[in-house]
Amino acid sequence: MTTILLVEDDCGLVQGLSFALTSSGYSVCAAHTLREAKEKWRDVPCDLVILDIDLPDGSGYDFCRIVRQSAHVPVLFLSAAGEETDMIMGLDIGGDDYMTKPFKLAVFLSRVRALLRRSQSFSAPCTRLRSHDVELDLRSAEVSKHGRKIDLTRNEYRLLRLLMEHAGQTLSSDQILSALWEHEDCYFDTNTTSVYIRRLRLKIEDDPSCPQAIVTIRGLGYQWKEEER
């Protein structure tokens, strides 16, 4: 099911939009603050972000920047500010559409459907992932660090790509195993994940005993740590 992250501090609007989206067949994950949005983004993979600009503890612009550091899911801004400069800023930092409040529900749902239809094209331009001096070329499937090629096995490459594409999000062992061996008739327990994580750390971390890129989130899983900017 398509999952939508709705970041909006107006509880009444959240309730109304959540009902409309759920009735249209979408799964909705709601956040009312910037802090809560960051937590939801880290823990819940989503296909579309609907984002208010004015949040109680920060700006939706800041959250859009976080999303764009690690993903190419479409972002739809909602704002009471109808100034052209606000719209231009939202689109320039990575937003894909912008709607001014109040708006008609039918138009809103139409915009959501259009963004989801086009979401495949949003991710197409990305051919390289770069983080922690590691570069992954999605076209050639080559990985390098500090410009030097790193030889990875097929599953090590798939694991690295999975983690980098979901940077900042915690992935459980079950999620990782399901993604890596989705179409293979094999059985693996959770220890398999830790083995592959350890092997990958040996190849990409400067100090595998003190990993900076692939971190363990105790009791939850693993995460490719976003670089501080």
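Procedures and definitions
- Residues numbered from 1 in each chain as written.
- Predicted model: local features only at pLDDT ≥ 70, side-chain atom pairs only at ≥ 80, totals over all residues.
- Heavy atoms only, no water.
- Helix = DSSP H or I, 4+ residues; strand = E, 2+ residues; numbered from the N terminus.
- Rg over C-alpha atoms; globule rule 2.2 N^0.38 Å.
- Buried < 20%, exposed > 50% of the residue type's maximum accessible area, 1.4 Å probe, protein only.
- Contact = heavy atoms within 4.5 Å.
- Areas by Shrake-Rupley, 256 points an atom, 1.4 Å probe, with all protein chains shown as cover.
- Pairing = 2+ DSSP bridges.
- Axes fitted to C-alpha atoms, helices over the stretch in contact; angles between N-to-C directions.
- Phe/Tyr/Trp six-rings, centres within 6.5 Å; stacked < 30°, edge-to-face > 60°.
- Lys NZ or Arg CZ within 6 Å of the ring centre and 35° of its normal.

> Even after reading the chapter, I still don't get the overall build of the chain, so can you show me in this structure?
A tally of helices and strands in the chain yields 9 helices and 13 strands. In terms of overall dimensions, the chain is globule-like: its C-alpha atoms have a radius of gyration of 19 Å, near the 17 Å expected for 229 residues. Sorting the 229 residues of the chain into buried and exposed places 44% on the buried side. Sequence-distant contacts in the chain: of pairs separated by 6 or more residues, those separated by 24 or more amount to 56%. Within the structure as shown, the chain displays about 12400 Å² of accessible surface, and the carbon and sulfur contribution to it stands at 48%.

> Looking at this model, I keep getting lost on the sheet that holds strand S8 (residues 128-131). Mind explaining?
Across a sheet, strands are paired by hydrogen bonds formed along the backbone, either parallel or antiparallel in direction. A sheet is described by the order of its strands in space; here 4 strands give the open sequence S8-S9-S10-S11, paired in antiparallel fashion. Strand pairing shows two members of the sheet lacking a second neighbour, S8 and strand S11 (148-150), which therefore form its edges. Each strand of the sheet is rotated relative to its neighbour by a mean of 25°, with strand direction disregarded. Sheet strands touched by helix H7 (residues 154-165): S8, strand S9 (134-137) and strand S10 (142-145). Its angle to S9, the strand with the most contacts, is close to 105°.

> So what exactly am I meant to see when it comes to the sheet that holds strand S7 (residues 97-100) here?
Strand order in this open sheet of 5 strands is S2-S1-S3-S6-S7, and the pairing throughout is parallel. The open sheet has two free edges, formed respectively by strand S2 (27-31) and S7, since each of these has just one partner strand. Going across the sheet, the axis of each strand differs from the next one's by a mean of 20°, ignoring polarity. Two elements, strand S1 (residues 3-7) and S2, share 5 bridges in a ladder whose sense is parallel. Bridge assignment links Thr3 to a residue of S2, and that residue is Ser27.

> Can you walk me through the packing of aromatic side chains in this structure?
How two aromatic rings sit relative to each other is given by the distance of their centres and the angle of their planes. Scanning all chains against the criterion turns up 4 aromatic pairs. Seen in terms of ring centroids, Tyr61 and Phe77 are 5.7 Å apart; in terms of plane orientation they differ by 65°. Their pairing is edge-to-face. One end of the pair, Tyr61, is in helix H3 (residues 60-70); the other, Phe77, is in strand S6 (residues 75-79), with 16 residues separating them in the sequence. Judged on exposure class, the residue Tyr61 and its partner Phe77 are both buried. Ring centres 6.4 Å apart and planes at 45° place the aromatic pair Phe77 and Tyr98 in the tilted group. Of this pair, Phe77 sits in strand S6 while Tyr98 sits in strand S7; the two residues are 21 residues apart in sequence, bridging distant segments of the chain. In this pair, the class of Phe77 matches that of Tyr98, namely buried. Taken together, the ring pairs connect Tyr61, Phe77 and Tyr98 into an aromatic cluster. The positively charged end of Arg199 is found above the aromatic ring belonging to Tyr196, 5.7 Å away from the centroid.

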